[in-house]
Amino acid sequence: MADTHQEWLRKMEEQSRAKQASFMDGIAKKLGRPRLAKAPEHPFRGAPDFWNAFEWTPEERIERFSDNWRSVGGHVARLSDMNAVRDFIAGKAKEMGARYVVRQNEAELAELGLEEALPEAAVSVWNTDPDTYWKARSAEADFGVVMADYAAAYTGSVAVLSSKDKGRSVSLLPTVLMIVIPVDRLRTRLGEVLVEFDRAGRENLPAGIHFISGPSRSSDIENDLTIGVHGPGVVYALLVG
Amino acid sequence: MKVSLFITCLSDAFYPRVGEAMVRLLARYGVRLDFPTVQTCCGQPAFNSGYWEEARDSARTILEAFEDSDFVISPSGSCTGMIHHYPKLFENDPAMLEKAKKLQAKSYEFTQFLVNVLGVTDVGASFPHKVTYHPSCHGSRLLGVKDEPMELMKRVKGLEFVPLPFAEDCCGFGGTFAVKMADISGAMVSEKVDHVKETEAEVLVGLDMACLMNIAGNLRFRGEPVRVMHLAELLAEGAKLA
Amino acid sequence: MSAKTMPNTVKKRAELALNDDFLRKAVKFTTERLRNGKKNASAEHGNWDEWRERGRQIRLHTIAHLDYYLNMFVDNARANGVHVHFADTGADAVRIALEIAKNKQAKTVVKSKSMVSEELHLNHALEGIGVEAIETDLGEYIIQLAGETPSHIVIPAIHKNRYQIADLLSEVAGEKLEADTTVLAGFVRKKLRENFLEADIGMTGCNFAIAETGSMVLFENEGNARMVTTLPKTQITLMGMERIIPSFQDLEVMATLLPRSATGQKLTMYMSGITGPRREADADGPDEMHIIIVDNGRSLQLGDPEFQELLNCIRCGACLNACPVYRHIGGHAYGGTYSGPIGAVLTPALNKNVAEWDDIANASSLCGACYEACPVKIPLHEMLIYLRRRKVEKGHGNKLEGAGMKGFAVLMGNAKRFRAALKMGQIGQKLVVRDGGIRAKIGPLKGWNSYRVLPSLPKSTFRQRFATLDQEIRQGLQEMSPEIRGRMEAALKKREREGGGGHHG
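Model, not experiment: these values are computed from the prediction. (Residues numbered from 1 in each chain as written. Chains lettered and ligands numbered in written order. Predicted model: local features only at pLDDT ≥ 70, side-chain atom pairs only at ≥ 80, totals over all residues.)

### Focus on the overall build of chain B
Definition in use: To qualify as a helix, a DSSP run of H or I must reach at least 4 residues; to qualify as a strand, a run of E must reach at least 2; elements of each kind are numbered from the N terminus. Both definitions apply: the radius of gyration is a C-alpha atom measure, and the globule rule equals 2.2 Å times residues to the power 0.38. Any residue surrounded by 20 or more other C-beta atoms within 10 Å of its C-beta is treated as buried, while 12 or fewer makes it exposed and the intermediate range makes it partly exposed; C-beta atoms here are placed from the backbone.
Scanning chain B from N- to C-terminus turns up 13 helices and seven strands. The C-alpha radius of gyration computed for chain B amounts to 18 Å, which stays within 12% of the reference 18 Å derived for 242 residues, consistent with globular compactness. When each of the 242 residues of chain B is scored for burial, the buried share is 65%.

### Brief notes about the overall build of chain A
The line we're drawing: The contact criterion used here is simple: two residues whose C-beta atoms, placed from the backbone, lie within 7 Å are in contact.
Counting its secondary structure elements, chain A contains eight helices and twelve strands. For chain A, whose C-alpha radius of gyration is 22 Å, the value lies well above the compact-globule estimate of 18 Å for 241 residues. With the principal axes as the frame, chain A shows a C-alpha extent of 65 × 55 × 45 Å. Buried positions account for 47% of the 241 residues belonging to chain A. Considering only contacts in chain A between residues 6 or more positions apart, those separated by 24 or more positions represent 72%.

### Comments concerning the UniProt feature "domain: Cysteine-rich" (unreviewed entry) in chain B
Residue and element names in this part refer to chain B. Convention followed: UniProt positions are given in the numbering used here, feature names are shortened, and annotations may be inferred rather than shown by experiment.
Sequence positions flagged by UniProt for "domain: Cysteine-rich" (unreviewed entry) are, in local numbering, residues 3–83 and 131–215. Counting secondary structure, residues 3–83 comes out at 54% helix and 9% strand; the distance between its end C-alpha atoms is 16 Å. Annotated as residues 131–215, this span is 51% helix and 12% strand, and its ends, taken at the C-alpha atoms, are 15 Å apart.

### A word on the interface of chain A and chain C
Selection rule: The residue classification treats Ala, Val, Leu, Ile, Met, Phe, Trp, Tyr, Cys and Pro as nonpolar and Asp, Glu, Lys and Arg as charged. All others, Gly included, are polar. In short, DSSP must find at least two bridges between two strands for them to pair.
Chain A puts 73 residues into the contact, and the matching count from chain C is 82 residues. When contributions to the side of chain A that touches chain C are tallied by element, the ones reaching two or more residues are α1 (2–30), α7 (134–140), α8 (190–200), β9 (208–212) and β10 (217–218) of chain A. At 14 residues, α1 of chain A tops the list of elements feeding residues into the side of chain A that touches chain C. Looking at the side of chain A that touches chain C, its residues break down into 31 nonpolar, 28 polar and 14 charged. Pairing analysis gives five bridges linking β9 of chain A to strand β9 (residues 270–274) of chain C, with the strands arranged antiparallel. Residue pairing across strands places Gly208 of chain A opposite Ile274 of chain C, the latter belonging to β9 of chain C.

### Quick look at the sheet that holds strand β2 (residues 71–74) of chain B
Residue and element names in this part refer to chain B. Defined as follows: Simply put, an axis is a line fit to the C-alpha atoms, just over the touching stretch for a helix, and the angle between two N-to-C directions goes from 0 to 180 degrees.
Spatially, three strands are ordered β1-β2-β3 in an open sheet, and the strand pairing comes out parallel. Looking at strand neighbours, the two that pair on one side only are β1 (3–5) and β3 (107–109), the edges of this open sheet. Taken over all neighbouring pairs, the strand axes of this sheet differ in orientation by 30° on average, direction set aside. Here three bridges tie β2 to β3, and the two strands are oriented parallel to one another. What sits directly across from Ile73, in β3, is Tyr108.

### Some points on the nonpolar core
Considering soluble globular proteins, one finds that nonpolar side chains tend to be buried as a cluster. Just so we agree on the cut-off: The term nonpolar core refers to a set of buried Ala, Val, Leu, Ile, Met, Phe, Trp, Tyr and Cys residues connected through C-beta atoms within 7 Å.
In terms of nonpolar packing, the biggest core is built from 315 residues, with Ile179 and Ile181 of chain A, Met22 and Ile215 of chain B together with Val109 and Ile292 of chain C touching the most fellow members. Take this core: its biggest share by element is nine residues, from helix α12 (residues 209–221) of chain B. Ignoring anything within four residues of it in the chain, the contact list for Ile292 of chain C reads His85, Ala87, Ala93, Ile96, Ala97, Ile236, Leu238 and Met239 of chain C.

### A word on the UniProt feature "domain: LUD" (unreviewed entry) in chain A
The feature "domain: LUD" (unreviewed entry), as given by UniProt, occupies residues 62–240 of chain A in the numbering adopted here. Secondary structure over residues 62–240 of chain A splits into 30% helix and 28% strand, and the C-alpha atoms at its two ends are 10 Å apart.

### Looking at the environment of Arg260 of chain C
Residue and element names in this part refer to chain C. The residue Arg260 is located in helix α12 (residues 248–262) in this model. On a C-alpha basis, the gap between Arg260 and Ala318 in space is 9.2 Å, while along the polypeptide they are 58 residues apart. The contacts of Arg260, once residues within four sequence positions are left out, are Lys38, Ala41, Ser42, His45 and Gln265.

### Side note on the environment of Leu16 of chain C
On the secondary structure map, Leu16 of chain C appears in helix α1 (residues 10–18). Sequence separation between Leu16 of chain C and Ala333 of chain C is 317 residues, and the spatial gap between their C-alpha atoms is 8.2 Å.

### Focus: the domain arrangement of chain B
Residue and element names in this part refer to chain B. Stated precisely, the cut-off is as follows: Domains are outlined according to an automatic or database domain assignment.
Along its sequence, chain B is organised into domain 1 (3–117) and domain 2 (130–238). For domain 1 and domain 2, the distance between their C-alpha centres works out to 22 Å. Taken residue by residue, the interface counts 26 residues in domain 1 and 23 residues in domain 2. Mapped by element, the contributors of at least two residues to the side of domain 1 that touches domain 2 are α1 (9–13), α2 (16–27), α3 (44–49), α5 (77–89) and α7 (110–117). Residue contributions to the side of domain 1 that touches domain 2 peak at six residues, all from α2. Taken together, the residues of the side of domain 1 that touches domain 2 sort by class into eleven nonpolar, twelve polar and three charged.

### What about the pairing of strand β6 (residues 203–206) of chain B?
Residue and element names in this part refer to chain B. Applied cut-off: By definition, the crossover connecting two strands over a helix is right-handed if that path, from the first strand to the second, turns clockwise as seen with the strands pointing away from the viewer.
Both strand β4 (residues 130–134) and β6 contribute to a ladder of four bridges, which runs parallel. Counterpart to Tyr133 in the pairing with β6 is Val205. Summarising the sheet, β6 and strand β7 (residues 227–230) pair through four bridges and their orientation is parallel. Looking at the pairing, Val203 lines up with Arg227 of β7. Read as a crossover between parallel neighbours, the route from β6 over α12 to β7 is right-handed.

### Observations concerning the sheet that holds β6 of chain B
All names here are of chain B. Read across the open sheet, the four strands follow the order β5-β4-β6-β7; overall the sheet is parallel. Edge positions in the open sheet fall to β5 (160–161) and β7, since each of these has one partner strand only. Strand direction decides the pairing type here: β4 and β5, joined by two bridges, are parallel. The partner of Lys130 across the bridge, within β5, is Glu160. Where helix α13 (residues 231–238) meets the sheet, it contacts β6 and β7, and its direction lies at approximately 95° from that of β7.

### Considerations on the interface of chain B and chain C
Contacts between the two partners involve 76 residues from chain B, matched on the other side by 72 residues from chain C. In terms of residues, the side of chain B that touches chain C owes the most to one element, helix α11 (residues 182–199) of chain B, which gives nine residues.

### Here we look at the packing of α2 of chain B against helix α21 (residues 462–476) of chain C
Stated formally: Geometric relationships in this document are graded by angle, where less than 35 degrees denotes roughly parallel, more than 145 denotes roughly antiparallel, 65 to 115 denotes roughly perpendicular, and other angles denote oblique. If you view the pair so one helix is near and one far, a crossing is left-handed when the near helix is turned anticlockwise from the far one by less than a right angle, and right-handed when it is turned clockwise.
For the pair α2 of chain B and α21 of chain C, the least separation of the axes is 10 Å and the interaxial angle reads 15°. By the angle between their axes, α2 of chain B is roughly parallel relative to α21 of chain C. At the point where α2 of chain B passes α21 of chain C, the crossing takes the right-handed sense. Facing α2 of chain B, whose interface residues are Pro16, Gly19, Glu20, Val23 and Ala27 of chain B, α21 of chain C presents Phe462, Arg465, Leu469, Ile473 and Gly476 of chain C.

This is the structure we're talking about:
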């Protein structure tokens, strides 16, 4: 089966490559000119200039991020250091009776020592055991704990990037999501974060870049706001530093 | 300077008093309106329905009528807006296209001319009534006539202005739309009149007689005693010119 | 109502909607909420017109160079390990999707919202080969259970109330569920969670595709699109060929315009950039990722100066919420995948059968609210007129209307004839005028007079009165003040300088 599927994929790939030229030629023809070989001048790239000059002070960023996050039903805690983060998560876990916790495999989170701080809960570390079905493990978790890679205050958004140590599931499947945001990763505008991906270039991008701006929500039933439809319904932004 | 009146076929036939009000108001500022009688209709009913050949026949009378005017003033944002479509309508006829562009540049909706060109915002009128205002779509959205009527109404003594809820919503006229999609149009005008009633205004004022005919027609159909006027009429009456 | 029993004109379908009180109220309420949300969000953000203009420029630029950017996207997506396919038609796209499903021996496909998939009627095709297709967006899930199609781009189940929804979900649950939003949404969460974890294929649409990195971007609030792109082993993305933007920087502009215009949010709860299948060492994300690039009539707009801008559309639904016609008749009355003003133009444009298409382009008062609401400034109100014109030019206009317009041209092409007709009207109306108005529901007046009273023609027209009026004015004419004369002269000078059009908004 595997071979025939690979073979089929190869066949499809061939067809696709053959089709690509005619597809693009067709577009150029309809546009009434030959195919473009060179990059066209793009004078309107990105946001307007007045916007790119806009920046808040670090304190303002924290304030505005927190306001935005709360306004969509998220929770915010401003914490002085990682010890306070550990205590906060442990406190919440106790309060809510969390039994399963999954966290990303990151140095900052390892240093928290959640395993010791939460003796009553089973704490798993993403992708540390090849025999575990990690998606299911995340799905059964009460708490997911992740580090923010970036955050943008203006929209109240956090960006998390995937890797072998950072599962996409950890920020998606648990009931409660704890996002640790070192304040030096908090920018003013969304564009300040997005431009990093242009700079990094295709080869260096992870498979999943996810911006999270609060708890999962829907208004699909009679415009009545429901929190936690598919993703986590309880989301904490823990601003550290 | 030749200032000409583009009366619009609807006001010519049904609402001559609107043209009269404009003539009398402008005369106060030394503007004697000229009225070329070869004008008929801007062609919008045909244009909007897709009958451009027919629209051109009608548009030619307007282009001819105002060929040597310096300013062309109309009591309708919609018909003025139609003149803005003339360059598109005649895009394949270089000679007419040239004329179309010229006419577009010199055409003004009535309050645009009064406020933006003449610089008049206070006509010295008094009108002690509760008034609400429906901004017609083409005038406000496509020509951008938004502040001009407000500036004029603000300075009318005794006028109590009540904002119309959902004012920017279309009244449902839409030319042939009111005939072709009568039920949808009917639902829209009924909703508009509901909002007019909510204001408890005695007078509904606007800048486009087509929309006002539509709304007034529904008011009358429902037996509502709200008076419907063009802003030019209100100003002329308030200044005791009528 | 299923699509099969729908009448074949907008007018008839609208009639049904106008008589459905719940529907009218629900649609009005929802669109009102979204419209206000958009207004507040755009005002709060500030400089909205500059953002719109920027959005428009980025879209214009990309579409004008689509061969270049799409090709770049394809090359980069391939380099990311994506299997890219091209579909000229909807049928091609369906064939490719089914082939993938067969090759993966798939039993279940979980789907996040995709308008392209609706265009293709893909669920039906999947069922045809024994694959269960499950919509996972809450609203889409509900209407799938009801066997209906979306009636709004952003809120697909806008036309259903909670009692109807409770009935539908109770059937799935096998027990009576309370008509309470939290209970109902909670049930769907649990139910679909199993499907996400078990499905063989995840299928998505695509809000934007980034040419320079080969990434595809999804905006959503529920998290179901993330589920669909994270859990199943195979991902298929259906992408309209025009979804391209050049860079992540350009995404900031789209991210500024799209959520604010759609729901009034600063950003949707999730915005995901997916760049290829999972990396080898990753423990989640799809092993295999396919992107099907769909034309299905889109390229017909390229090079058409009147309709190319249609491809700028970012599917935010703002024109639906702003449209007074949509608010009264709802989405199903439009009779196509896309409803509202964008649907009225896009449906015939994609099908390129303007001539045969029913009266959809007539379902607009041309008020321009759609254009004003559009975050990329597509002149939909003008496109509707172009559609009507093309229909007439192709000889598919309404015969009666055509004759009427010929009469109009004869009448209005000459002032003498116009004058004569008015005179005839003044005399003829005596038969029907009562108390200065006409109420008779006869002939072409039937529609008008079902809701209104037509005024009668006054004794004399303006042109009949003008000579007397002018005489009177000439006597009392005021001297023009130097200020006013100066302003008029300045306006003329300005016009000469700028070559016209300057005083207009």
